[in-house]
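One-letter residues, chain by chain:
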Amino acid sequence: MPVKTIIEPFRIKSVEPIRWTTRQEREHLLRAAYYNLFLLPADDVLIDLLTDSGTGAMSTHQWAAVMQGDESYAGSRSFDHFRDSIQDIFGYKHVIPAHQGRAAERILFNVACKKGDVVPNNTHFDTTRANVEYVGAEAIDLVIAEGRQPSLKHPFKGNMDVEALDNLIQKTGRERIPLVMLTVTNNSGGGQPVSMENVRKVSAVCRKHRIPLYFDACRFAENAYFIKLRESGYESKTPKQIAQVLFSYGDGCTMSAKKDGMANIGGFLCTNDDRLAQLEKDLLILSEGYPTYGGLAGRDLEAIAVGVQEALQEDYLRYRIASTAYLGNHIAEQGVPIVQPPGGHAVYIDARAFLPHIPPDQFPGVALAAELYLEGGIRSVEIGTLMFGANAKMDLVRLAIPRRVYTQSHVDYVVEIILEVWKNRDRIQGLKLSHEAPYLRHFTARLEPLERVLAH
């Protein structure tokens, strides 16, 4: 009989204390942070699900590799280990390190794009969209219709609408589209995977129009495992073999190694284009560092070289996907509206359905995230109207689970707090902005509660 209990496929060797706060303390802390959970001190958070980016626990093998870091400014052997490990999985000719994923995005879009260009994606994440728009290009989301319906179950809701992509290219003209991107898994759309069939079809459209295809590969290992679980023909393939096939359909990628690189910092940019690679390395030197370290210490390069391989281990991925589904299924069974099915790295609560009395311009996702903190010290993040403004198709609250950090009892506590907030959801009120930045406003925005308008 198959074992039903989820267990962590590791032993805990070092622990970090977390601090309890009272509701009264949290009320004061939330007001001081202007109702923006990014502005909270981390020590005042009990369970931190703000992001899975750089917040994971590194393995003994990674820490051992850290001790071998070669800190040479140029020609470091740690870069050789880093490059060889990445090429083993991704297969691209040029591997360019950067201090994190958004740095790789900035370099790619500054080199590849110009004002008036158009960049299609299944769904751009916040930094991706910001870096596209910063150079004067337009970021267009082309996720399939099912991906815009939170409650609808579909095995690959991260898929790109292939017909819409082809139509966009013909309407816009290929000369204005320097590249097409696919985000795997699709973070802004609920951590939903992209099928291999969809990758193949998107690649075929790109080849037809002679447009490069790039992957935002932050959670590629989770996407590979979903393909193994859900797509016919891949049941007997390893996650690594699936990833290798997936990347063979593209021409390059950006990657935050703080996600499926299992590291606390770092990222990279890959391409098969010699000319583009040289331009990217020239820009890298200007802002990040020499191409064999790219803003990273040698020890970080070593940690990523090990971590990117560990992320593909099947026992880890089985636990990772099952533990996320455990959280999502437990709250959904009690009526909490979530993006279905649960994603790979996070559970996404549908804030518009959770708080139907709060309109999008009163930031229901931010209001719900604030209430989760007030109730139980849980920090999450809004992915909706505050983050994307007029481009927001949904208002979601993401509960991103750091890798190898929390146990099942922590998740049970999160379930308990969410259900308590669900019972009292009618009491939650909307918010209004008092300060916003021109780009990526959700990181530093200040908000304040609206006075509750009582119905007569």
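Our subject is the structure listed above.
A.B. asks: Is there a simple way to explain the sheet that holds strand 5 (residues 180–183) in this structure?
C.D. replies: Each strand in a sheet pairs with another by means of backbone hydrogen bonds, the pair being arranged parallel or else antiparallel. Read from one edge to the other, the open sheet built from five strands follows the order 2-8-7-6-5, with strand pairing classed as mixed. In this open sheet, the two edge strands, each paired with only one partner strand, are strand 2 (94–98) and strand 5. Pairs of neighbouring strands in the sheet enclose a mean axial angle of 15°, with direction left out of account. Sheet analysis places strand 7 (residues 252–256) next to strand 8 (residues 267–271), joined by five bridges and oriented antiparallel. Considered in strand 8, the bridge of Thr254 is made with Leu269.

A.B. asks: Please explain helix 16 (residues 408–423) as it appears in this structure.
C.D. replies: Turn by turn, an α-helix covers 3.6 residues, leaving residues three or four places apart pointing in a common direction. A rise of 1.5 Å per residue sets the reference length of helix 16, with its 16 residues, at 22 Å; its end C-alpha atoms lie 23 Å apart and thus fit the reference within 8%. Along helix 16, the residues that are buried comprise Val411, Tyr413, Val414, Val415, Ile417, Ile418, Val421 and Trp422.

A.B. asks: I keep staring at the sheet that holds strand 9 (residues 346–350) and nothing clicks. Help me out?
C.D. replies: Taken together, three strands build an open sheet; the order of strands is 9-12-11 and the sheet is antiparallel. The open sheet has two free edges, formed respectively by strand 9 and strand 11 (381–383), since each of these has just one partner strand. Between one strand and the next, the sheet's axes are offset by a mean angle of 35°, whatever the strand orientation. Strand direction decides the pairing type here: strand 11 and strand 12 (residues 396–400), joined by three bridges, are antiparallel. When the bridges of strand 12 are listed, Val381 appears paired with Arg398. Its contacts with the sheet place helix 12 (residues 314–332) against strand 9 and strand 12, and it is angled at close to 25° to strand 9.

A.B. asks: Sorry, what's going on with the packing of helix 8 (residues 220–230) against helix 9 (residues 239–248) here?
C.D. replies: The packing of two helices is summarised by the inter-axis angle and the distance between the axes. The N-to-C vectors of helix 8 and helix 9 enclose an angle of 105°; their axes lie 9 Å apart at closest approach. One finds that helix 8 runs roughly perpendicular with respect to helix 9. Packed against helix 8, whose contacting residues are Phe220, Asn223, Ala224, Tyr225, Ile227 and Lys228, the element helix 9 presents Pro239, Ile242, Ala243, Leu246 and Phe247 at the interface. Here the contact of helix 8 with helix 9 is built from residues that sort into nine nonpolar, one polar and one charged.

A.B. asks: Quick question: what am I supposed to make of the nonpolar core here?
C.D. replies: Note on soluble globular proteins: their nonpolar side chains tend to be buried together. Among the nonpolar cores identified, the biggest contains 107 residues, and Phe90, Phe215, Phe220, Phe247, Leu327 and Ile349 are the most heavily contacted of them. Not counting residues up to four positions away in its chain, the partners in contact with Leu327 are Val347, Leu399, Ile401, Val411, Val414, Val415 and Ile418. Core analysis: the second largest hydrophobic core is formed by 20 residues, Ala98, Ala103, Leu108 and Leu283 among them.

A.B. asks: Is there a simple way to think about the packing of aromatic side chains in this case?
C.D. replies: Two aromatic rings are characterised by how far apart their centres lie and by the angle between their planes. As enumerated under the stated definition, the model contains 16 aromatic pairs in all. Centroid distance Phe10 to Tyr319: 5.7 Å. Interplanar angle 85°. Geometry classified as edge-to-face. Remark: Tyr319 occurs in helix 12 and Phe10 occurs in the segment before helix 1 (23–32); sequence separation between them is 309 residues. Relative accessible area serves as the criterion here: at 27%, Phe10 is assigned to the partly exposed category.

A.B. asks: How should a nonpolar patch on the surface be read in this particular structure?
C.D. replies: On the surface, Tyr73, Ile285 and Tyr290 cluster together to form a nonpolar patch covering roughly 320 Å² of accessible area. By relative accessible area, which is 54% here, Tyr73 ends up exposed.

A.B. asks: I keep staring at the packing of helix 6 (residues 162–172) against helix 7 (residues 196–209) and nothing clicks. Help me out?
C.D. replies: Relative to each other, helix 6 and helix 7 sit at 15°, their axes nearing to 10 Å. Looking at the two axes, helix 6 sits roughly parallel to helix 7. The hand of the helix 6/helix 7 crossing is right-handed. Together, Val162, Leu165, Asp166, Ile169 and Gln170 of helix 6 and Asn198, Lys201, Val202, Val205, Lys208 and His209 of helix 7 make up the contact between the two elements. Of the residues belonging to the contact of helix 6 with helix 7, the class tally is five nonpolar, three polar and three charged.

A.B. asks: What am I meant to see in the pairing of strand 5 here?
C.D. replies: Side-chain alternation along strand 5 places Val180 and Leu182 on one buried face and Met181 and Thr183 on a second face that is also buried. Here four bridges tie strand 5 to strand 6 (residues 213–216), and the two strands are oriented parallel to one another. Within strand 6, the residue paired with Met181 across the bridge is Tyr214. In this view, the connection linking strand 5 to its parallel neighbour strand 6 by way of helix 7 has right-handed handedness.

A.B. asks: Where do I start with helix 9 in this structure?
C.D. replies: The complete set of buried residues in helix 9 reads Pro239, Ile242, Ala243, Leu246 and Phe247. The buried residues of helix 9 occupy an angular sector of 125° when projected down its axis, which confines them to one face.

A.B. asks: In this structure, what is going on with the pattern of salt bridges? I would like to understand it.
C.D. replies: Note on pairing: side chains with opposite charge can pair once their charged atoms come close. Counted under the stated rule, the structure contains 30 salt bridges. The shortest N-O distance in the salt bridge between Glu197 and Lys201 comes to 3.3 Å. Taken together, the positions of Glu197 and Lys201, both in helix 7 and four residues apart, correspond to about one turn of that helix. Taken together, the salt bridges that share partners define one network made up of Asp52, Arg219, Glu222, Asp260, Arg320 and Arg403.

A.B. asks: Mind showing me how you'd approach the side chain of Asp166 here?
C.D. replies: Secondary-structure assignment places Asp166 in helix 6. A relative accessible area of 14% places Asp166 in the buried class. The contact partners of Asp166, leaving out residues within four places of it in the chain, are Val205, Lys208 and His209.

What counts and how
- Residues numbered from 1 in each chain as written.
- Predicted model: local features only at pLDDT ≥ 70, side-chain atom pairs only at ≥ 80, totals over all residues.
- Heavy atoms only, no water.
- Pairing = 2+ DSSP bridges.
- Helix = DSSP H or I, 4+ residues; strand = E, 2+ residues; numbered from the N terminus.
- Axes fitted to C-alpha atoms, helices over the stretch in contact; angles between N-to-C directions.
- Expected span 1.5 Å × (residues − 1).
- Buried < 20%, exposed > 50% of the residue type's maximum accessible area, 1.4 Å probe, protein only.
- Contact = heavy atoms within 4.5 Å.
- Parallel < 35°, antiparallel > 145°, perpendicular 65-115°, else oblique.
- Nonpolar A, V, L, I, M, F, W, Y, C, P; charged D, E, K, R; others polar.
- Core = buried A, V, L, I, M, F, W, Y, C linked by side-chain atoms within 4.5 Å.
- Phe/Tyr/Trp six-rings, centres within 6.5 Å; stacked < 30°, edge-to-face > 60°.
- Patch = residues over 30% accessible without salt bridge, like charges linked within 9 Å, V, L, I, M, F, W, Y side chains within 5 Å.
- Areas by Shrake-Rupley, 256 points an atom, 1.4 Å probe, with all protein chains shown as cover.
- Salt bridge = Lys/Arg side-chain N within 4 Å of Asp/Glu carboxyl O.
- Left-handed = near helix turned anticlockwise from the far one by under 90°.
- Right-handed = clockwise from strand over helix to strand, strands pointing away.
- Arc of directions from axis to C-beta.

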